[in-house]
Amino acid sequence: MEQQILILIYLLASVSFIMGLKMLSHPLTARKGNLIAAAGMAIAIFGTIFLYKNLETGLGLGNYSWIFSGLLLGTIVGTVVARKVKMTSMPEMVSMFNGMGGACAALISIVEFDHLSHLLANNPAESISAHQPMVLVIVLGLIIGTISFAGSMIAWGKLNGNIGDLSFKGQSVLNLLILAIILVLAVLLILNPANTVLIYIILILAVIYGIMFVMPIGGADMPVVISLLNSFTGVAAAFGGFLYDNKVMLTGGILVGAAGTFLTLLMCKAMNRSLKNVLIGSFGGNKTIAGGTSSNFQGTVKEISMSDAATVLAYAHKVMIVPGYGLAVAQAQHVCHELEKTLTERGVEVSYAIHPVAGRMPGHMNVLLAEADVPYEKLEEMEQANESFKQTDVTLVLGANDVVNPAAKTDPSSPIYGMPILDVELSKNVIVNKRSMKPGYAGIENELFFRPKTSMLFGDAKKVLQDLVAEIKAN
Amino acid sequence: MILMIFVGIEVIGRVPSVLHTPLMSGANAIHGVVIIGAIIVMGKAEPGNYLALTLGFLAVFLGTLNVVGGFVVTDRMLEMFKSKKKGN
């Protein structure tokens, strides 16, 4: 009877995940969807704790004190961390939680393998072949979970700015080699599960592979990587589902695996990059070539003073704001909204042009601006914005770089060639706020800054915006 | 299983890029189902098997972190979309 209830609970939870994910993909229902999925998760967890029975022994689960203290501790830490994190550092947070999931899957595999090897050692009569499928599932779960964990940690560090890019010649070959060794060892282990040393070697190699795999990937591609690792963890969870013949783990894992992979591809498409490019890290590879050509255009950079910028903005009819990574880092979204309000009060038409990959993750900029109470109608998507630029007097670029780089359209040798960009040059004037002339994530110079229409306003986005607001109000 | 792959793709099929970040975060929380595996491992471990108990405990802890953190973060992101709509 209890087993039937548990099966029902799992079914319910699976349905809630599907519904939740479905609702998450529409702006209006998104929040409810998240809550539904969370509720599904809660009943699945408690259902497992109280109703699960080992089919062979017929015993329920023990060690309640351990389970509950783990749950409690995880809940407290998770809630505190998730509540305290700043909106701007959201992406690395997601990456970290993802890594935790991967680590969880890997740990399960280690424990289960240990269990299995004891079983085999104590019962020599037990036939190995009967357990081989299980070893396969365990090993795959371990490899994928570990790669996801190590990769996510590196991604987290990179988004934090604590870890830089590292790439060297032949890295992709070396990576493939490591992966090949891992697979060979995995096959050996499946053929002879008694050889327990192998699983630890696999573990170590998988950690190395995870690190090496994310290390060379440029910061701009990080969201794609996180999304990919996200789907990895999903697959690792699904292997856990096979292991325990657990329906909810299987459905949840596969669902995330498939959805994550698809989301990864969607993101790549938004940036006009192929997944292969992202993985091999062509940003890093092309950097030197691009650096060579970029030094060719040595136009003059025109600076604009704060008061001039304020005047130009205040007397414009239509202003477009292009927020980018710099705005996110400076946490200037609130001041940015203030500038927009100040201008609107003066009768200036203001709207925002949002590039699909603006900020640090696709959609991240929307979240940030939403946090600052910017009305939804003020945000224009790329195609719409590119139309609007034609009627725009002043475009204010705030800490965006690669997404407005005309080289993406004109220079086939550029690493970002082909990426859709915001055509800020269609507007009459462009004011670019940046901290310095340093190139953006793609590591290339931006020709835009040297164009006659463009004037530069150097400084931290937040400070510059505050000064601008003050200047305009004083006028 | 194949069915779930299709469901997964179908579900994400027409999502606006605005929601990529929350969606990723939500999916991230959902794959926290691994926690169920961790609970099972934990519950099955013999009281004397400290390797299993320690690793299992760690797994439950990390899994919970994934689930709870994932959902809370997603909710915070979405909260912003919602409050803004009410404001208007």
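It should be emphasised that the depicted structure is a prediction, and the values quoted were computed from it without experimental measurement.

Asks: What is the right way to look at the overall build of chain A in this model?
Replies: Counting secondary structure elements, chain A contains 18 helices and 6 strands. In chain A, buried positions account for 53% of the 475 residues. Contacts in chain A between residues far apart in sequence, at least 24 positions, make up 78% of those at least 6 positions apart.

Asks: Mind showing me how you'd approach the confidence of the model for chain B here?
Replies: Low pLDDT marks stretches whose predicted atomic positions should not be read closely. Residue and element names in this part refer to chain B. Mean pLDDT for chain B: 72, with 66% of residues reaching 70 or above. Across chain B, the element-wise mean pLDDT spans from 64 in helix H1 (residues 2–12) up to 81 in helix H3 (residues 34–44). Per-residue pLDDT stays below 50 along residues 83–88; that stretch engages in 5 contacts with residues further than four places along the chain or on separate chains. Reported confidences for the modelled complex are a pTM of 0.74 and an ipTM of 0.79.

Asks: Any chance you could explain the interface of chain B and chain A here in plain terms?
Replies: Interface size, as often reported, equals the accessible area lost upon joining of the parts. Contact with chain B, which involves 73 residues of that partner, is made by 91 residues of chain A. When contributions to the side of chain B that touches chain A are tallied by element, the ones reaching two or more residues are H1, helix H2 (20–30), H3 and helix H4 (50–87) of chain B. With 33 residues, the top contributor of residues to the side of chain B that touches chain A is H4(B). Residue composition of the side of chain B that touches chain A, grouped by class: 47 nonpolar, 20 polar and 6 charged.

Asks: Could you clarify how one ought to interpret the packing of helix H5 (residues 132–160) of chain A against helix H6 (residues 171–191) of chain A in this entry?
Replies: Any two packed helices are characterised by the angle at which their axes cross and by the distance between the axes. All names here are of chain A. Two elements in contact, H5 and H6, have axes separated by 9 Å at closest approach and are oriented at 155 degrees. Here H6 runs roughly antiparallel to H5, going by the angle between their axes. The handedness of the crossing between H5 and H6 is right-handed. Note on element contacts: H6 touches H5 through Ile182, Ala186, Leu189 and Ile190, opposite Gln132, Val135, Leu136, Val139 and Ile143. Taken together, the residues that form the contact of H5 with H6 break down as 8 nonpolar, 1 polar and no charged.

Asks: How do you make sense of the environment of Ile201(A) when you look at a structure like this?
Replies: Tracing the chain through its elements places Ile201(A) in helix H7 (residues 197–214). For the pair Ile201(A) and Ala186(A), spaced 15 residues apart in sequence, the C-alpha to C-alpha distance is 9.8 Å.

Asks: Explanation requested: H5(A) in the structure shown.
Replies: Turn by turn, an α-helix covers 3.6 residues, leaving residues three or four places apart pointing in a common direction. Under the 1.5 Å per step criterion, the end-to-end length of H5(A) is 42 Å for 29 residues, consistent within 8% with the ideal 42 Å. Among the residues trailing H5(A), Gly161(A) stands out with phi positive, at a value near 90 degrees.

Cut-offs and rules
- Residues numbered from 1 in each chain as written.
- Chains lettered and ligands numbered in written order.
- Predicted model: local features only at pLDDT ≥ 70, side-chain atom pairs only at ≥ 80, totals over all residues.
- Helix = DSSP H or I, 4+ residues; strand = E, 2+ residues; numbered from the N terminus.
- Buried ≥ 20, exposed ≤ 12 C-beta atoms within 10 Å, placed from the backbone.
- Contact = placed C-beta atoms within 7 Å.
- pLDDT = per-residue confidence, 0-100.
- Nonpolar A, V, L, I, M, F, W, Y, C, P; charged D, E, K, R; others polar.
- Axes fitted to C-alpha atoms, helices over the stretch in contact; angles between N-to-C directions.
- Parallel < 35°, antiparallel > 145°, perpendicular 65-115°, else oblique.
- Left-handed = near helix turned anticlockwise from the far one by under 90°.
- Expected span 1.5 Å × (residues − 1).

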